[in-house]
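Descriptive structure summary
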Amino acid sequence: MIRSLTISLLCLLVATTAGYAQSSKRKLTDRDDLYGWEAIGRLDIGTVSFCTGTLIAQDIVLTAAHCALDKKTGKAYLPGEVTFRAGLSNGAALADRKVVQIASHPGYSANDALSPSSIRVDVALMRLEKPIPYSVADPFALHSGRVSGKEISIASYGRGRSETITRERSCRMLERRQGLITFDCDVTFGSSGSAILAKNGPRWQILSVVSAVGVHRGKKIGFGMELADVVSDLKAILRRDAPQPKPTIRRLQVGTGKSSSGAKFISSGGG
């Protein structure tokens, strides 16, 4: 199947007002609907395009590498150019955070032709300017172990549904081999970077990330990748390249405490 597919990348697009087709998908429009899905958010790149991202830690968002790199320069977007809007619904987000650091896989290039090898590494991590509290959004864990059955789920933003998370409750994994995962979930422009979720016991966990869409025998199918090793490598890159805190200088005040030596001792905390 993989070799015979015609593949096209799910590009970043301006939010549109195209019609929304009813199916097994459901819009999560109020606080009760959003419960448990608050860690999914829209990634706004400047003011013209967007993707979907998912918290995997309080300050780390998982998405696709092609959502993280500027095709004009081939480099990661600069700090502040991308905003993660957790649980965005009808124009209001539970938390807005600027992205201050991006790590994409060294094997991925923004301007390479799309291929199975590029899809396997189409993954990026984004560090937020400050953590989002657990009380606001509970991050998703990566899936581990075998997947029971073929049922998967996806929750994302997309063309015609850019203002609210839309969840497809049940779709199917079609194939999983050679580091690629194919599925029949109804993804569209803007769904790039959204998490493909599989059940692990009672909980949904992240199995893969939406990278591309293809056509096989006249039917649209989506592409993702195996995550475990890629995400581990990206976390190491984030740690290695983390912005260093800026040194601060503070004037010490004259001490008022009396001692036989006349000295004023300063604690290690600066007090």
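Structure first, text after, so check above.
Throughout what follows, the structure given in this document is the object of discussion. Because the structure is predicted, anything quoted here is derived from the model rather than measured.

**Topic: the state of the cysteines**
Note on terminology: a disulfide is the covalent bond linking the sulfur atoms of two cysteines. Enumeration over the complete set of coordinates arrives at 2 disulfides. Linked covalently through their sulfurs, Cys 51 and Cys 67 form a disulfide whose S-S length is 2.1 Å. Taking the torsion about the sulfur-sulfur bond, which here is approximately -80 degrees, the covalent link between Cys 51 and Cys 67 counts as left-handed. Within this pair, whereas Cys 51 is found in strand β4 (residues 49–57), its partner Cys 67 is found in the loop between β5 (60–63) and β6 (82–86), the two being separated by 16 residues in sequence. Of the two residues, Cys 51 and Cys 67, neither departs from the other in class, the shared state being buried. Covalently, Cys 171 is tied to Cys 185 through a disulfide, its sulfur atoms 2.0 Å apart. Across the S-S bond of Cys 171 and Cys 185 the torsion is about 75 degrees, and the bridge reads as right-handed. Linking Cys 171 in strand β10 (residues 161–177) with Cys 185 in the loop between β11 (180–183) and β12 (195–200), this pair joins segments that are 14 residues apart in sequence. For Cys 185, a relative accessible area of 2% gives the class buried. Listing the disulfide partners of the protein by sequence rank of the bonded cysteines yields 1-2, 3-4.

**Observations concerning unusual backbone geometry**
Even without being glycine, Asn 90 reaches a positive phi, approximately 55 degrees. Note that Asn 90 resides in the loop between β6 and β7 (95–104). Of the residues examined, Asn 90 reaches a relative accessible area of 55% and is grouped as exposed.

**Digging into the environment of Asn 111**
In this fold, Asn 111 is placed in the loop between β7 and α2 (116–120). Asn 111 gets classed as partly exposed once you look at its relative accessible area, which sits at 48%. A C-alpha to C-alpha distance of 9.3 Å links Asn 111 and Thr 73, two positions 38 residues apart in sequence. Apart from the residues within four sequence positions on either side, Asn 111 is in contact with Lys 71 and Gly 74.

About the cut-offs
Residues numbered from 1 in each chain as written. Predicted model: local features only at pLDDT ≥ 70, side-chain atom pairs only at ≥ 80, totals over all residues. Heavy atoms only, no water. Disulfide = S-S within 2.5 Å. Helix = DSSP H or I, 4+ residues; strand = E, 2+ residues; numbered from the N terminus. Buried < 20%, exposed > 50% of the residue type's maximum accessible area, 1.4 Å probe, protein only. Contact = heavy atoms within 4.5 Å.

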